[in-house]
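Close look at the chain arrangement
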Amino acid sequence: MLKSMHGGNIAIVGAAETDEVGVLPNTSVYELHANAAVRALADAGLTVADVDGFATTMPNALEVAHYLGIRPSWLDGTMVGGCSYMLHVRHAAAAIATGAASVVLITHGESGRSRVGMPPMVRNPSSPAGQFEQPFGALAPYASFTTPVMSFLESRGLTRRDMAEVVATQREWAIPNERAFRRKPITVDEILADKPLSYPFTKDMICVVTDGGGALVLVSAERAKDMNLAKPPVYLMGSGEATESPIVSQMDDLNSFGAFRRSSKDAFESAGMTPDDIDHAMFYDAFAHLPLYMLEDLGFVGRGESGAFYAEGHSRPGGRLPINTTGGGLSYTHSGMYGMFAIQESVRQLRGDAVVQVPNLKTSFVQGVGMMFAASGSLVLSNQAG
Amino acid sequence: MSAGPVPKPIPETKEFWEGTLRGELRIPRCSACDRLFFYPRAYCPFCSSDAIVWETASGDATLTSYVINHRPFPDFESSEPQIIALVTLAEGVRMMTNLRGVEPNPEALSLGMPLTVRFEPRGDQALPMFVPKEVK
């Protein structure tokens, strides 16, 4: 019987990060997947024998499934960069709602810093990027993902100081978190005084590069009721996904990302909610301009108001919309495809299980971005099914 | 000749890269819906027509956005900061490029500043770079 994939019918019943995140020179990308998978399954009181659906990005899904000893009857290898895991959650929910799978395991593992067991980075000089961006130096995210920023800031009446406010706000969340990579207290003026790495970005406006992983286990809410779970389930209320240009120079609009607008609109509509209903957010922050885009493109604030929102402290501890409460990609961890860590923190917050816990949460919005400004995945999660 | 990654044309981009070698900035236009588009494709991204014709752009553009990369990749054999720019051609399409003939300093760069194309050899190809219009 068909039922909705949204509205609390599907639940996250297992969630875990790897034992450690950070610098892990003795752990391969495969072991990072496996460590996260085993921990997330244990969190749900399950084993690999219970898993019939499997999703990941890299290494490819069948390779990781086999490493874990899983013989899946449902597989999703959607790879749109760091927000792929938001899409996996959405696809898994559709599969469970329609009966195509019953227990879906989603894993992320990436030796992004130590590069143990990682495939070599290969360039294709005939791809759109290989012909029309890489020859000009856009060979890494700090030199490509960043390129729309001057246009964005000018169009919104924002400045570099607004990006520094994002960094300083998130550092405040990271300071008490022993797993966070950057924990040194820092002020807006100190951030701005540092020499630019990719102007207008300084080092602290660019994410950390780490090793780590995370995994999620999804089942139907009905099944979750019978599972005798140690921690409360977290329900998928709504979701959305969207893509645009594979190369940043061909974004439809440099000043507002269409895929953010489209996927978040679908997520809010499918959840039957608006930004006013959201208590907590995880905004994928590979760079300090992204939370500013997201606040505005998702409709949490009006055009040009994102900088003031940060500067006035609304996203700091005690603020009305805590954002990136681990410190985010800028301070906590960023293995390369960070999206899994954003979902993990939303789940912890909704379970009342976070290192820096926000009190009285019911809802969390997870907004991902992938392959520079190419893809977007949005999730509305809640600790209440309806 | 500048060092760095060299683009490898495919059939649908061949005219663009043959154009840069001749000193022309060639842009595809769909003759069915009459719209210019970039990057070159075999089918129009607006109407899916394969009736693509090529036009030579004026070479005039304006600066739309940029970063100044202080840590260029080793491919470029230079530690000089790179201005990685997004420019909008007078004809309307946007492309990535590097700015030449201007200091890699935000004080020297203002959005909207007029630019013009200058072709620069790279391997067996030529890249469209842009310079401030007055220093042409």
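Residues numbered from 1 in each chain as written. Chains lettered and ligands numbered in written order. Predicted model: local features only at pLDDT ≥ 70, side-chain atom pairs only at ≥ 80, totals over all residues.

Remarks on the overall build of chain A
Put simply, the test is: Numbering goes from the N terminus for both helices and strands, where a helix is a DSSP run of H or I of at least four residues and a strand is a run of E of at least two. Atoms counted for the radius of gyration: C-alpha only. Globule rule: 2.2 Å times the number of residues to the power 0.38. Buried, partly exposed and exposed are defined by the number of other C-beta atoms within 10 Å of a residue's own C-beta, namely 20 or more, between the two limits, and 12 or fewer respectively, with C-beta atoms placed from the backbone.
Looking only at helices and strands, one finds 13 helices and 11 strands in chain A. Computed over its C-alpha atoms, the radius of gyration of chain A comes to 19 Å, within 12% of the 21 Å expected for a compact globule of 386 residues. Once the C-alpha set of chain A is aligned to its principal axes, its extents read approximately 55 × 45 × 40 Å. The proportion of buried residues among the 386 residues of chain A is 60%.

What to know about the interface of chain A and chain B
Note the following rule: Note on contacts: residues are paired as contacts if their backbone-placed C-beta atoms lie within 7 Å. Each residue is assigned to one class: nonpolar for Ala, Val, Leu, Ile, Met, Phe, Trp, Tyr, Cys and Pro, charged for Asp, Glu, Lys and Arg, and polar for all the others, Gly among them. Strand pairing is assigned whenever DSSP detects at least two bridges linking the two strands.
With 29 residues of chain A at the contact, the number on the chain B side is 31 residues. Elements that contribute at least two residues to the side of chain A that touches chain B include exactly helix H4 (128–132), helix H5 (149–156) and strand E5 (196–199) of chain A. Counted by class, the side of chain A that touches chain B contains 15 nonpolar, 11 polar and three charged residues. Note that E5(A) and strand E3 (residues 60–69) of chain B share two bridges and pair antiparallel. Bridge pairing in E3(B) links Tyr199(A) to Ile68(B).

Quick look at the nonpolar core
Within soluble globular proteins, side chains that are nonpolar tend to cluster in buried spots. Short version of the rule: Put simply, a nonpolar core is a cluster of buried Ala, Val, Leu, Ile, Met, Phe, Trp, Tyr and Cys residues tied together by C-beta atoms within 7 Å. The domain limits used here are those given by an automatic or database domain assignment.
Counting residues in each nonpolar core, the largest one holds 152 residues, and the members touching the most others are Val89(A) and Leu218(A). When residues of this core are assigned to their parent elements, the largest contribution, nine residues, is made by helix H3 (residues 84–98) of chain A. Split by domain, this core shows at least three residues from each of two domains, domain 1 (8–56) and domain 2 (58–136) of chain B. Contact partners of Leu218(A), with chain neighbours within four places excluded, come to Ile10(A), Ala11(A), Ile12(A), Val89(A), Ala92(A), Ala93(A), Ile96(A) and Val104(A).

Considerations on the sheet that holds strand E11 (residues 375–382) of chain A
Residue and element names in this part refer to chain A. Definition in use: Here an axis means a line fitted to C-alpha atoms, over the contact stretch when the element is a helix, while the angle between two N-to-C directions is reported on a 0 to 180 degree scale.
In spatial order, the strands read E3-E2-E4-E7-E1-E8-E11-E10-E9; together these nine strands make up an open sheet with mixed pairing. Looking at which strands have only one partner, the edges of the open sheet turn out to be strand E3 (74–76) and strand E9 (280–283). Taking each pair of neighbouring strands and ignoring which way they run, the sheet shows an average axis angle of 25°. As paired strands, strand E4 (residues 104–111) and strand E7 (residues 211–220) are joined by eight bridges and run antiparallel to one another. Each residue of the ladder has a partner; that of Ile 106, found in E7, is Leu 216. Contacts from helix H9 (residues 258–271) reach strand E8 (234–243), strand E10 (363–370) and E11 within the one sheet, and its direction differs from that of E8 by about 150°. Its contacts with the sheet place helix H13 (residues 339–351) against strand E1 (10–17), E4, E7, E8, E9, E10 and E11, and it is angled at close to 175° to E10.

Points about the domain arrangement of chain B
Residue and element names in this part refer to chain B. According to the domain assignment, chain B contains domain 1 (8–56) and domain 2 (58–136). Listed as interface residues are nine residues of domain 1 and, on the opposing side, 12 residues of domain 2. Broken down by element, the side of domain 1 that touches domain 2 gets its largest block of residues, three residues, from helix H1 (residues 14–22). Residues of the side of domain 1 that touches domain 2, tallied by class, amount to seven nonpolar, two polar and no charged.

Here's the deal with the pairing of E8(A)
All names here are of chain A. Of all the 10 residues making up E8, nine are buried; the element is thus mostly covered by neighbouring parts of the structure. Pairing of E1 with E8, which is carried by two bridges, proceeds in the antiparallel orientation. Considered in E8, the bridge of Ile 12 is made with Val 234. Relative to E11, E8 is paired through eight bridges, and the arrangement is antiparallel. Bridge assignment links Ala 242 to a residue of E11, and that residue is Ser 376.

Considering unusual backbone geometry
Among all residues save glycine, negative phi is the norm, and among peptide bonds the norm is trans. In this chain, Tyr199(A) is followed by Pro200(A) through a cis amide linkage whose omega measures 10°. Tyr39(B) follows Phe38(B) through a cis peptide bond whose omega is 5°. With respect to the helices and strands, Tyr39(B) occurs in the loop between strand E1 (26–30) and strand E2 (52–56). Phi at Asn360(A) is positive, roughly 60°, even though this residue is not glycine. Of note, Asn360(A) is situated in the loop between H13 and E10. Notably, Asp34(B) is not glycine yet its phi reads approximately 70°, a positive angle. Note that Asp34(B) resides in the loop between E1 and E2.

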